[in-house]
Each structure stands twice: as C-alpha cells, then as structure tokens.
Amino acid sequence: KNEVEQSPQNLTAQEGEFITINCSYSVGISALHWLQQHPGGGIVSLFMLSSGKKKHGRLIATINIQEKHSSLHITASHPRDSAVYICAVRQLGGTASKLTFGTGTRLQVTL
Amino acid sequence: DTEVTQTPKHLVMGMTNKKSLKCEQHMGHRAMYWYKQKAKKPPELMFVYSYEKLSINESVPSRFSPECPNSSLLNLHLHALQPEDSALYLCASSLSGGLNTEAFFGQGTRLTVV
C-alpha cells in the first residue's frame, strides 16, 4: 500500500463543475504539497499546507491532520485546468529533503 | 525570477553517447534536486544537493553523475545509458532542504535513449 493515496485516479468534468480531488496518507507529516503537471511535463507547485485551508483564485486546499486527509477543490472548472494533480508529503522523522508522492489524479475538463 | 530553467527540453542519445542535462535557478535556493519520471508515474527522487554538496543519492546507477558547480547550477552527466533510462528528468529547487520549504520545479528534459 502506498503511503500517499489519491482518489479518483481519473476524473472527467464539464466546464463549470466543482471538482474535488482527495489525498490520504498513512505517515506523520510536516507539510503536504499539491502540485499540477500539464502534458509536456513541467510541474507547478499550487499549495503547501501544514494545517487548515488555503485559497488561491479558483483553487482551495484543505488538510485535516488528525484524519490524515487533504482535499483540493477547483471551483468553476475550465478546460485549461486539465492536468495531472499530484499530492506529495514531507514525512516527519524522514529526510527533510524528500517528498513522497501520490500517483496523481488525471483531470480532463471538457466544454 | 521564480523559475527553474532546464536545458535541453528534449534529448535523443545513443547508448554510447555522453551528454549533460542542465538546470539553473536564480532564486537564491540552496537545495537542488534531480527527479526521474516515467510515463504515468510520480517523480522518483535521484539526487539532492544542499549547499552545493551531495546530500542524498537514492542508489542511482553510476551512469548518472550529478554535479553542482555553484549555488545556481545543477548538472546531470549521462554516459552509457540504457533504453530503460528514457524518461522525463525534472530538476527542482527549494530555499533549503529543510521542513516546510516549497519546491519549485523546472519544465523537465524529455530524454530518449536509442
């Protein structure tokens, strides 16, 4: 079992829909990252969270440390949101430099 | 400048070739990373440099040789690669290698070994 699990693995939505991607982890963490990867490769860091909630534009990320769970929400989705969304954690007690990645959620937003 | 710049974007090399991947950042970050990513898989950490010194080598074969000539530059020297080494190679940097530091990623070099 992976230490970081994401669901769903694949998601298709129509433009304008509200989207939720979930991340569950089984280890103690110091921080959780949400990353976006477009086809062609480059990765963009969306959020880094250690508690609570963060908002940036149409994106909202929440984390519940007790339940070891985080969600990424996209409001009013748009085709340009189509990408792979990756959850990654920094483990407590592990090497500070290492991120443990989830397997990603592939999002396709159609017109 | 919040960019991590990788060159080249694409590289095709033969199994007997020697080539290098380059990564550059001017954000004053002191930790730099190489990741390897196969199709539809998450990135796998290869190397971490912290203050220009190699701090993590994730048991990477010696045909991959990292180099950090200064705090802004990170190279990955490639020699005698195998076709299974074909992948997207991502560079990243962070302010330090410590906890709760945000990582910035480059666009990657897509490597094909023929």
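Just above sits the structure.
These figures come from a predicted structure and were not determined experimentally.

1. With respect to the state of the cysteines
Note on terminology: a disulfide is the covalent bond linking the sulfur atoms of two cysteines. In this structure the tally under the stated criterion is 2 disulfides over all chains. Note on cysteine connectivity: C23(A) is disulfide-linked to C87(A), with sulfurs 2.0 Å apart. With the S-S dihedral at roughly -60°, the linkage between C23(A) and C87(A) falls on the left-handed side. Of this pair, C23(A) sits in strand β3 (residues 19-25) while C87(A) sits in strand β9 (residues 83-91); the two residues are 64 residues apart in sequence, bridging distant segments of the chain. The burial state of C23(A) is the same as that of C87(A); both residues are buried. Across the disulfide from C23(B) sits C91(B); the S-S distance is 1.9 Å. Residues C23(B) and C91(B) share a disulfide whose torsion about the S-S bond is about -70°; that sign makes it left-handed. With C23(B) in strand β3 (residues 18-25) and C91(B) in strand β9 (residues 87-94), this pair connects stretches of sequence that are 68 residues apart. With a relative accessible area of 0%, C91(B) lands in the buried category.

2. Here's the deal with the packing of aromatic side chains
Given two aromatic rings, their pairing is described by the distance between the two centres and the angle made by the two planes. Following the criterion strictly, the structure yields 4 aromatic pairs over all chains and no others. Between Y35(B) and F105(B), the ring centres sit 5.6 Å apart and the planes meet at 40°, which makes this aromatic pair tilted. One end of the pair, Y35(B), is in strand β4 (residues 31-37); the other, F105(B), is in strand β10 (residues 103-105), with 70 residues separating them in the sequence. In this pair, the class of Y35(B) matches that of F105(B), namely buried. Members of the aromatic cluster, joined through ring pairs, are F101(A), Y33(B), Y35(B) and F105(B).

3. Focus on the pairing of β4(B)
All names here are of chain B. Most of β4 sits inside the fold, with 7 of its 7 residues counted as buried. Side chains of β4 alternate between two faces, with A31, Y33, Y35 and Q37 and M32, W34 and K36 buried alike. The pairing of β4 with strand β5 (residues 44-50) spans 6 bridges and is classified as antiparallel. Each residue of the ladder has a partner; that of A31, found in β5, is S50. Linking two consecutive strands that pair antiparallel, namely β4 and β5, is a turn of 6 residues; a positive phi of about 60° is found at K40 within it. Two strands pair when backbone bridges link them, and β4 and β9 are joined in this way by 7 bridges, in the antiparallel orientation. Bridge assignment links K36 to a residue of β9, and that residue is Y89.

Parameters at a glance
- Here the residue index of a chain counts from 1 through its sequence in written order.
- Key to labels: chains lettered from A, ligands numbered from 1, both in the order written.
- Residues qualify for local features only when their pLDDT is at least 70, as the model is predicted, and side-chain atom pairs are given and counted only at 80 or more; totals for whole chains, interfaces and linings, by contrast, use all residues.
- In computing side-chain values, all of the structure's heavy atoms are included and hydrogens and water are not.
- By disulfide we mean two sulfur atoms from cysteines, separated by a distance within 2.5 Å.
- Strands here are runs of E lasting at least two residues and helices are runs of H or I lasting at least four, both read from the DSSP assignment and numbered beginning at the N terminus.
- Between buried and exposed lies partly exposed: a residue is buried under 20% and exposed over 50% of the maximum accessible area for its type, with that area taken using a 1.4 Å probe on protein chains only.
- Between 30 and 60 degrees the pair is tilted, below 30 it is stacked and above 60 it is edge-to-face, where a pair is any two Phe, Tyr or Trp rings, Trp via its six-membered ring, whose centres lie within 6.5 Å.
- Strands are treated as partners if at least two bridges between them are detected by DSSP.

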